[in-house]
Amino acid sequence: MDLYRTTADNHWKWFERYLTYDNAVLPESLLYAYQATGNEDYKKTAKESFDFLLDKIFQDRQIKVISNQGWLQKEKVLGRRYGEQPIDVAGTVMALTTFYNCFHQEDYRQKQTNAFSWFLGNNHLGQIVYNPATGGCYDGLEENNINLNQGAESSVCYLMARLSLIE
């Protein structure tokens, strides 16, 4: 909360001066802190920061998470949008479940559907990231190709995202 108070302003509602990867875990954790303590400041900041993040990563019903090729810096225009990783998409899908369950905003449900569809081809390459033949998940999207490695982290992230889908 101290980091948020010292960094956030009218145009930047985040805990640090940059967005990196697996960002959704911060506001989601703060929402859990609210649920455990009842502290309304936690709830307000969780929602404010999560909505800020969603505004940065959703474009035209498609998620485009922050690239591992260059973080989004405060007061700078977002550049490259490739180098996307399943951990970031999965973290967002799971956080959307948590926020939907707390706030019951239909927009969170729709964004979750759109985010999960990243694994199924709703991404800048238009290619499936989940491999139904192996049950694995490719390690990410580069500018012009999929990273064909199917590491355990990516596969577990896909499965966790799938299990968290709102019914």
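That block above? That's the structure.
Definitions and cut-offs
- Residues numbered from 1 in each chain as written.
- Predicted model: local features only at pLDDT ≥ 70, side-chain atom pairs only at ≥ 80, totals over all residues.
- Heavy atoms only, no water.
- Phe/Tyr/Trp six-rings, centres within 6.5 Å; stacked < 30°, edge-to-face > 60°.
- Helix = DSSP H or I, 4+ residues; strand = E, 2+ residues; numbered from the N terminus.
- Buried < 20%, exposed > 50% of the residue type's maximum accessible area, 1.4 Å probe, protein only.
- Lys NZ or Arg CZ within 6 Å of the ring centre and 35° of its normal.
- Contact = heavy atoms within 4.5 Å.

1. A word on the packing of aromatic side chains
Step number 1: One pass over the structure, following the stated rule, counts 13 aromatic pairs.
Step number 2: Considering the side-chain rings of Trp 12 and Phe 52, the 5.1 Å spacing of their centres and the 70° angle between planes classify their relative orientation as edge-to-face. With a gap of 40 residues between them, Trp 12 in the loop between α1 (2-7) and β1 (18-19) and Phe 52 in helix α3 (residues 40-57) connect regions that are remote in the sequence.
Step number 3: Assessed through its relative accessible area of 4%, Trp 12 is described here as buried.
Step number 4: Seen in terms of ring centroids, Phe 119 and Tyr 158 are 5.3 Å apart; in terms of plane orientation they differ by 75°. Their pairing is edge-to-face. Taken together, the residues Phe 119 in the loop between α5 (106-116) and β5 (130-131) and Tyr 158 in helix α6 (residues 152-163) connect sequence positions 39 residues apart. For the pair Phe 119 and Tyr 158, one class covers both residues: buried.
Step number 5: Linked through ring pairs, Tyr 4, Trp 12, Trp 14, Phe 15 and Phe 52 together constitute an aromatic cluster.
Step number 6: When the ring centre of Phe 103 is taken as reference, the NZ or CZ atom of Lys 47 above it lies at 5.3 Å.
Step number 7: Seen from the ring of Phe 58, Lys 111 lies directly overhead, with NZ or CZ sitting 5.4 Å from the centre.

2. What about the side chain of Thr 97?
Step number 1: Position of Thr 97 relative to the elements: it lies in helix α4 (residues 86-103).
Step number 2: Here Thr 97 falls in the buried class, since its relative accessible area comes to 14%.
Step number 3: In contact with Thr 97, not counting residues within four places along its chain, are Gln 112, Ser 164 and Ile 166.

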